[in-house]
Amino acid sequence: MVDIGAFPPEWREGVYEAIACRRDVRSFRPDPIPPAVLARILWAAHHAGSVGFSQPWNFIVVDDLEIRRKIHDHVDTERLRAADGFEGNRKARYLSLKLEGILDAPINICVTCDRKRFGPAIIGRNTMYNADIYSTCAAIQNLWLAARAEGIGVGWVSILKPEVIAQILAIPDHVMVIGYMCVGYPVEFTDRPMLEAVGWLPRLALSELVFSNRWNETPNVQLASALRDLDEVAKGDHSKGSPRW
Ligand SMILES: Cc1cc2nc3c(=O)[nH]c(=O)nc-3n(C[C@H](O)[C@H](O)[C@H](O)COP(=O)(O)O)c2cc1C
């Protein structure tokens, strides 16, 4: 039977720690991931919630260097094309960023969503057709957090055309490419998101994102104060992981 109580403090801390210390990783060491560890991370992904319990995901583990080279070439073309969307100084800064580790990482994992699995009628998808995609994103987040707990880095690459990846990986038409992930032991887990550290964008204050009852209405005083407290903690030292409470 599942215990309905809260986790003991050290388990709870572990969950928040994984969340706080998860990073998008783009620089990897070449060391292989032991199969049992990889299996655990995939198990975590497979235990995400899914709309109507449809479990729409598949995980294509790509270690073939030739295939990864093809994908890398495509990503690099798209990375350069995307540069035109940024003006002046921001364009040069964008081009200086490392935004993928497709070839450095020992494996890539393409996470897909089978839009027909158990269909056509799926509980919850009649009104929210894309809920299968959201479910697949939840699986990816599980994978990302479990990987962090295992000391393994994950980097999500979206600078690509899903149809090109589908063609390279022989994915059928009714299956959608959702996440292309680089996975391996990282050179480092940085304290803060790289895009925050280089001043690309700031982390928003949580207290400004939470509303009460209606759009833009401030939460009650106690919740607002608790949220601001956490915002203050988040501004401080990032090297110690999650806020200590
Ligand atoms: C859907 C999605 C797509 C992303 N695509 C890329 C990408 O193509 N290249 C990249 O360097 N980072 C990518 N990222 C990582 C984000 O830049 C990163 O999550 C964000 O800057 C916050 O940093 P953190 O993940 O280290 O907390 C992506 C993240 C998500 C969730």
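Okay, so let's go over this structure.

Rules of the game
- Residues numbered from 1 in each chain as written.
- Predicted model: local features only at pLDDT ≥ 70, side-chain atom pairs only at ≥ 80, totals over all residues.
- Heavy atoms only, no water.
- Salt bridge = Lys/Arg side-chain N within 4 Å of Asp/Glu carboxyl O.
- Helix = DSSP H or I, 4+ residues; strand = E, 2+ residues; numbered from the N terminus.
- Buried < 20%, exposed > 50% of the residue type's maximum accessible area, 1.4 Å probe, protein only.
- Pairing = 2+ DSSP bridges.
- Near = heavy atom within 4 Å.
- Polar contact = N/O pair within 3.5 Å; in protein donor to acceptor, adjacent residues only side chain to side chain.
- Areas by Shrake-Rupley, 256 points an atom, 1.4 Å probe, with all protein chains shown as cover.
- Nonpolar A, V, L, I, M, F, W, Y, C, P; charged D, E, K, R; others polar.
- Axes fitted to C-alpha atoms, helices over the stretch in contact; angles between N-to-C directions.
- Contact = heavy atoms within 4.5 Å.
- Core = buried A, V, L, I, M, F, W, Y, C linked by side-chain atoms within 4.5 Å.

1. Comments concerning the pattern of salt bridges
Using the criterion set out here, one finds 13 salt bridges in the structure. For the salt bridge of Arg-117 with Asp-114, the shortest nitrogen-to-oxygen distance reads 3.6 Å. Asp-132 is paired through a salt bridge with Arg-115; the nearest N and O atoms lie 2.8 Å apart. Highlighted residues: Asp-132 in helix H5 (residues 131–149) and Arg-115 in the loop between strand E2 (107–114) and H5, separated in sequence by 17 residues. Each member of the pair Asp-132 and Arg-115 is classed as buried. Salt bridges sharing partners connect three or more residues here, namely Glu-78, Arg-81 and Lys-161.

2. Some details on the pairing of strand E3 (residues 153–157)
Most of E3 is tucked away, with four of its five residues classed as buried. When E3 meets strand E4 (residues 175–184), the two strands line up antiparallel, connected through five bridges. In the sheet register, Gly-155 faces E4, and the bridge partner there is Cys-182.

3. Points about the site of the ligand
Taken together, Arg-22, Arg-23, Asp-24, Arg-26, Leu-99, Trp-156, Val-157, Ser-158, Ile-159, Pro-193 and Leu-195 are the residues near the ligand. A distance of 2.8 Å is found between an oxygen atom of the ligand and a side-chain nitrogen or oxygen belonging to Arg-26. When isolated, the ligand has an accessible area of 620 Å², and the protein chains bury 73% of it. Residue classes in the shell around the ligand are distributed as six nonpolar, one polar and four charged.

4. Side note on the sheet that holds strand E1 (residues 57–62)
With respect to topology, four strands assemble into an open sheet ordered E1-E2-E4-E3, the strand pairing being antiparallel. What marks the edges here is a single partner per strand, and that holds for E1 and E3. Each neighbouring strand pair of the sheet contributes to a mean axis angle of 25°, computed without reference to strand direction. As paired elements, E1 and E2 share six bridges and run antiparallel to each other. In the sheet register, Trp-57 faces E2, and the bridge partner there is Cys-113. Seen against the sheet, helix H2 (residues 35–46) touches E1 and E2 and runs at an angle of roughly 155° to E1.

5. Here we look at the nonpolar core
Counting residues in each nonpolar core, the largest one holds 25 residues, and the members touching the most others are Ile-165, Leu-169 and Tyr-180. Sorting the residues of this core by element identifies helix H3 (65–83), helix H6 (162–168) and E4 as the ones contributing at least two each. Take this core: its biggest share by element is four residues, from E4. Counting 24 residues, the second-largest nonpolar core is a separate cluster that includes Trp-57, Ile-140, Trp-144 and Val-154.

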